[in-house]
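What the coordinates show
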Amino acid sequence: MAGTKTLLMLENFIGGKFLPCHSYIDSYDPSTGEVYCKVPNSGKEEVEAAVEAARAAFPGWSSRSPKERSQVLRRLADLLEQSLEELAQAESKDQGKTVTLARTMDIPRSVENFRFFASSILHHTSECTQMDHLGCLHYTVRAPVGIGVPPGVVNIVFGTGPRVGEALVSHPEVPVISFTGSQPTAERITQLSAPHCKKLSLELGGKNPAIVFDDANLEECIPTTVRSSFANQGEICLCTSRIFVQRSIYSEFLQRFVEAARSWKVGLPSDPGASMGALISRAHLEKVRSYIKKARAEGAQILCGEGVDKLSLPSRNQGGYFMPPTVITDIKDESSCMKEEIFGPVTCIVPFDSEEEVIKRANSVKYGLAATVWSSNVGRIHRVAKKLQSGLVWTNCWLIRELNLPFGGMKSSGIGREGAKDSYEFFTEIKTITIKH
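Residues numbered from 1 in each chain as written. Predicted model: local features only at pLDDT ≥ 70, side-chain atom pairs only at ≥ 80, totals over all residues. Heavy atoms only, no water.

Brief notes about the sheet that holds strand 17 (residues 392-395)
Going by this rule: Any two strands with at least two DSSP-identified bridges between them are counted as paired. Helical segments are the DSSP runs of H or I of at least four residues, strand segments are the runs of E of at least two, and each set is numbered from the N terminus. An axis is simply a line fitted to the C-alpha atoms; with a helix, the fit covers only the stretch in contact. Between two such axes, the angle follows the N-to-C directions and lies from 0 to 180 degrees.
In spatial order, the strands read 12-13-14-11-10-16-17; together these seven strands make up an open sheet with mixed pairing. Edge strands, defined here as strands with exactly one partner in the open sheet, are strand 12 (301-304) and strand 17. The sheet shows a mean angle of 25° between the axes of neighbouring strands, direction not considered. Here strand 13 (residues 326-329) runs beside strand 14 (residues 346-352); their pairing, made up of three bridges, is parallel. Paired with I328 across the strands is C348, a residue of strand 14.

Have a look at this one:
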């Protein structure tokens, strides 16, 4: 039929083959609100096939030497790098983020991760102790519980959480679960996996504070904090959503921050000049907007963004899921906007007076993923960083990662850590062997 668009049809990848599914789900282009792709609506049947493929591949892959597995990971990194532009375009289309962000951060970071762990697996050592008086030697070995890339080593099964997700996490032969997402979903995963005593690594939400003391370098602090608030439309678990500013510089900070936020261009993901693209879905856009409505009803002030600044978008993109950077002030710490994860381009800015006060307020939420501290006083930085209930604390910077070091949150922000040593320990089972001689 003339004018009919051809939709991209995704398939599951099981046992080294792309396989069709019995039913499909519509996937929308966030920048237009139109269906552009069909995604498999998998269930127990597909999960069972993937688990069987993994089980068959496990003996051969796990017996390969670290050097052989390292070579496979390096090859994967090379292939990702060779397809960088194609993957960046696909990621932008699927998620709504700018192509620039996908091209300069997401795909290069994936390449870096593969290369890092390809090197890391070559340098792990085991523990060994002696008990000479008993004539015994003890040492440890680690046995893999996950697998990697010949047929069956990597299996990709698409679908919804209630169908494919629940089938996967409750499967008795899936020994470990690594999940990134919301706390309610993590609670469900914990319930379903508990009868099998599975190992869990849960990287959940955050309500991340930025603390700006009066001796902060605002020339660096303001653009960095704007970026930490609104990068990827605020859809990064590490984004700043509560900004505490010492009262003596509060007015100046507020004025300069709003000016900087308004300079961020919201536009088509393909626009090289766009700082922000579209949010992930219409449902999520409406959820984020609902927090703005709550803030207004509570008497808070919206200084810029939703309901204040108009967006200029082409007619084809009027149905897209766009929202301008939004700044809320005059809001109480008890407000849902200050307590709950919004996961959008929304940040609240409030004043504080003392160091002790701001630490208490920053720690007053159930989350504890990340925090940033801005000050030129090194002693203060160490004091505050130590007292903040956050798994990561950046000082005078944001989103600088060292893959050797642990990554993860406290409290309701998750369980476990990622990183060279932590990932190695999570994805292996340790065994102690004693030899009497």
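Focus: the sheet that holds strand 9 (residues 199-203)
Strand order in the open sheet formed by three strands is 8-9-19, and the pairing between neighbours is mixed. At either end of the open sheet lies a strand with only one pairing partner, and these are strand 8 (176-180) and strand 19 (414-415). Strand direction decides the pairing type here: strand 9 and strand 19, joined by two bridges, are antiparallel. By the bridge assignment, L202 is partnered in strand 19 with I415.

Details of helix 12 (residues 378-387)
This is how the line gets drawn: Between buried and exposed lies partly exposed: a residue is buried under 20% and exposed over 50% of the maximum accessible area for its type, with that area taken using a 1.4 Å probe on protein chains only. This arc is built from the directions going out from the helix axis to the C-beta atoms. By definition, residues are in contact when any of their heavy atoms lie within 4.5 Å.
Among the residues making up helix 12, those that are buried are R380, I381 and V384. For helix 12, the arc enclosing every buried residue in end-on projection is 100°, short of the 170-degree limit, so these residues lie on one face. Exposed and facing more than 90 degrees away from the buried side of helix 12 are V378, H382 and K386. Buried-residue contacts for helix 12 involve strand 10 (208-212), helix 11 (355-362), strand 16 (370-374) and strand 17.

Brief notes about the nonpolar core
Spelled out, the test is: Take the buried residues of types Ala, Val, Leu, Ile, Met, Phe, Trp, Tyr and Cys, join any two whose side-chain atoms come within 4.5 Å, and each joined set is a nonpolar core.
With 29 residues, the main nonpolar core has I211, I328, I331 and C337 as its most contacted residues. Secondary-structure elements contributing two or more residues to this core are helix 9 (282-297), helix 10 (336-339), strand 14, helix 11 and strand 16. Among the elements that take part in this core, helix 9 stands out by supplying five residues, more than any other. For I211, the residues in contact, after removing those within four places along its chain, are F244, F352, V358, A362, T372, V373, W374, V384 and L388.

Examining the pattern of salt bridges
Test applied: A pair is scored as a salt bridge if a Lys or Arg side-chain nitrogen falls within 4 Å of a carboxyl oxygen belonging to Asp or Glu.
Considering all chains together, one arrives at 25 salt bridges under this definition. Here R289 ties to E306 by a salt bridge, and the two come within 3.3 Å at their closest N and O atoms. Taken together, the residues span a long stretch of sequence, with R289 in helix 9 and E306 in the loop between strand 12 and strand 13 at a distance of 17 residues. Looking at R289, the relative accessible area reads 25%, which means it is partly exposed. Residue classification places E306 among the buried positions, given a relative accessible area of 16%. Salt bridges sharing common partners tie together D215, E355, R380 and R383.

Some thoughts on the packing of aromatic side chains
Filter applied, for reference: In summary, the pairing rule links any two rings of Phe, Tyr or Trp, Trp by its six-membered ring, whose centres are within 6.5 Å, and it sorts them by plane angle into stacked for under 30 degrees, edge-to-face for over 60 and tilted for everything else. Charge-over-ring contacts are defined here by two conditions on Lys NZ or Arg CZ: a distance within 6 Å of the ring centre and an angle within 35 degrees of the ring normal.
Tallying each qualifying case throughout the model produces seven aromatic pairs. Cluster of aromatic residues (ring-pair linked, three or more members): F230, F253, F257 and W264. The lysine or arginine in question, K294, covers the ring of Y291, its NZ or CZ lying 4.7 Å from the ring centre. Stacked on the ring of F213, the Lys or Arg R380 has its end atom at 4.2 Å from the ring centre.

Concerning helix 3 (residues 84-95)
Note the threshold: A helix's residues, less one, multiplied by 1.5 Å, set its expected span.
Helix length check: helix 3 (twelve residues) gives 16 Å between terminal C-alpha atoms against 16 Å at 1.5 Å per residue, within 8%. Among all positions of helix 3, only A88, S92 and Q95 are buried. Around the axis of helix 3, the buried residues are gathered within 90° of arc, so they sit on the same side. Turning to helix 3, the residues buried within the fold contact helix 4 (99-120). Once helix 3 ends, the next one or two residues include G96, with phi positive near 95°.

What about the side chain of R380?
By secondary structure assignment, the location of R380 is in helix 12. Setting aside residues no more than four positions away along its own chain, R380 makes contact with F213, D214, D215, E355 and S375.

Considering the pairing of strand 14
Counting buried positions along strand 14 yields six of seven residues, so the element is predominantly enclosed. Across five bridges, strand 11 (residues 240-246) lies against strand 14 in parallel orientation. Residue pairing across strands places I243 opposite I349, the latter belonging to strand 14.

Here's the deal with the environment of K339
Our working definition: Any pair of N or O atoms that falls within 3.5 Å is considered a polar contact. Within protein, one atom must be able to donate a hydrogen and the other to accept it, and sequence-neighbouring residues count only if both atoms are side-chain atoms.
Following the sequence through the fold, K339 ends up in helix 10. Take K339: its relative accessible area is 28%, and that puts it in the partly exposed class. Along the primary structure K339 and G206 are separated by 133 residues, whereas in three dimensions their C-alpha atoms are 9.7 Å apart. In this structure, K339 is in contact with K207, D333, E334, S364, V365 and Y367, ignoring residues within four places of it in sequence. In terms of polar contacts, K339 uses its side chain to reach the backbone carbonyl oxygen of S364, at 2.7 Å.

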